[in-house]
Amino acid sequence: MRDVAIIEAPSVLGLRPTGVEELPEALLGAGLAEGLGALRAGRVEPPAYDPERDADTRVLNPDGIAAYSVALADAVSAVLDDGRFPVVLGGDCSVLLGNLLALRRRGRHGLLFLDGHTDFYQPSAEPAGEVASMELALATGRGPRVLADLEGRGPLVRDEDVVALGFRDTEESAAYGMQPLPSALHALELDTVRALGAAEAARRAAGLLTGDGTGAGYWIHLDVDVLDDAVMPAVDYRQSGGLTWQELETVLRTALSDGGAVGLDVAIFNPRLDPDGSIAKRLSDCLVHAFDTDGRWRHPGPA
């Protein structure tokens, strides 16, 4: 296994304080750190949550998310500087911005985006102004500048350096008026993953992300609602279908074993919707099994 360091990032600034902020405690309580043999590298606390949409950007907590992204990037950078593989436990999907900012400081990297939704909304189309539905758009430089141009670094990741895998919200997002995914972004929706098989889909994704231009490696973003609703009901925005546990484990193991992955985050799991802790234990086990590879981690280099 890689030399893993776990960072707790319990921010719900891009969503609502409904329980997702308890994800780190739930997975750590289920034995994730012990299973990974991981160092506990600290906790990045978010600023106070403001339930009112910002008048200028029309999103929730834009300044708070921007500040939190910088603080989280600093924590991820410290783990990378120590030669370890960061595993960031969110929180909502807005934590992705801080993770990618840490890599952007080091140069060009890719993103394997595992999510049941494409999260490519613009503020005008997102009903509640939640950045957790916009983080992929923001990471590629689309949206309010306060979040789309963190530290003046422009897009945190290029369109062509992203693979979105396992999403199943195409009809829903179109109905809400979400901007379409750019043509250069690699999209492997759930039906495509099923047609290829999880292992082959993951191999193709890893190949795209370690090909021309992205030799420095890629971040893995895991929103647990990529899983089938039948096995992962502990999320706030449910939709039918999704990956099985075995398919997710296969995708993660494949991505982690090819040597290109440089870090991973887990987001959106809501422990309050898992009263007996059984889903947290299954998720922890899935992650531990996925990391049990012979792959070699590619360090992303100095900042």
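Just above, that's the structure.
(A) Examining the packing of aromatic side chains more closely. Applying the stated criterion to the full structure yields 2 aromatic pairs. Relative to Phe 291, the ring of Phe 85 lies with its centre 5.5 Å away and its plane at 85°, an arrangement referred to as edge-to-face. Here the residue Phe 85 occupies a position in strand β3 (residues 85-89), and Phe 291 occupies one in helix α11 (residues 278-291), the gap between them amounting to 206 residues. Per residue, the accessibility class of Phe 85 equals that of Phe 291, and both read buried. Plain terms: the ring middles of Tyr 121 and Tyr 176 are 6.4 Å apart, the flat faces sit at 70° to each other, and that makes the pair edge-to-face.

(B) The state of the cysteines, seen in detail. Throughout the structure, instances matching the rule amount to 0 disulfides. Cys 93 carries a free sulfur, and the closest cysteine sulfur to it, the one in Cys 286, is 16 Å from it. Looking at Cys 93, the relative accessible area reads 0%, which means it is buried. The exposure class of Cys 286 is buried, given its relative accessible area of 0%.

(C) Region of interest: the pattern of salt bridges. The tally for this structure, following the rule as stated, stands at 23 salt bridges. A salt bridge links Arg 16 to Glu 130, with the nearest nitrogen and oxygen atoms 3.0 Å apart. Here Arg 16, found in the loop between β1 (4-8) and α1 (23-29), pairs with Glu 130, found in the loop between β4 (110-114) and α5 (135-139); they are 114 residues apart in sequence, far enough to count as distant. Overall, Arg 16 belongs to the partly exposed group, its relative accessible area being 30%. Note that Arg 253 and Glu 249 form a salt bridge whose closest N and O atoms lie 2.8 Å from each other. Here Glu 249 and Arg 253 lie together in helix α10 (residues 245-257), a separation of 4 residues that amounts to about one turn. Three or more residues are tied together by salt bridges with common partners; here these are Glu 8, Glu 25, Arg 40, Arg 43 and Glu 45.

Criteria and thresholds
- Residues numbered from 1 in each chain as written.
- Predicted model: local features only at pLDDT ≥ 70, side-chain atom pairs only at ≥ 80, totals over all residues.
- Heavy atoms only, no water.
- Phe/Tyr/Trp six-rings, centres within 6.5 Å; stacked < 30°, edge-to-face > 60°.
- Helix = DSSP H or I, 4+ residues; strand = E, 2+ residues; numbered from the N terminus.
- Buried < 20%, exposed > 50% of the residue type's maximum accessible area, 1.4 Å probe, protein only.
- Disulfide = S-S within 2.5 Å.
- Salt bridge = Lys/Arg side-chain N within 4 Å of Asp/Glu carboxyl O.

Coordinates in, geometry out; function isn't part of it.
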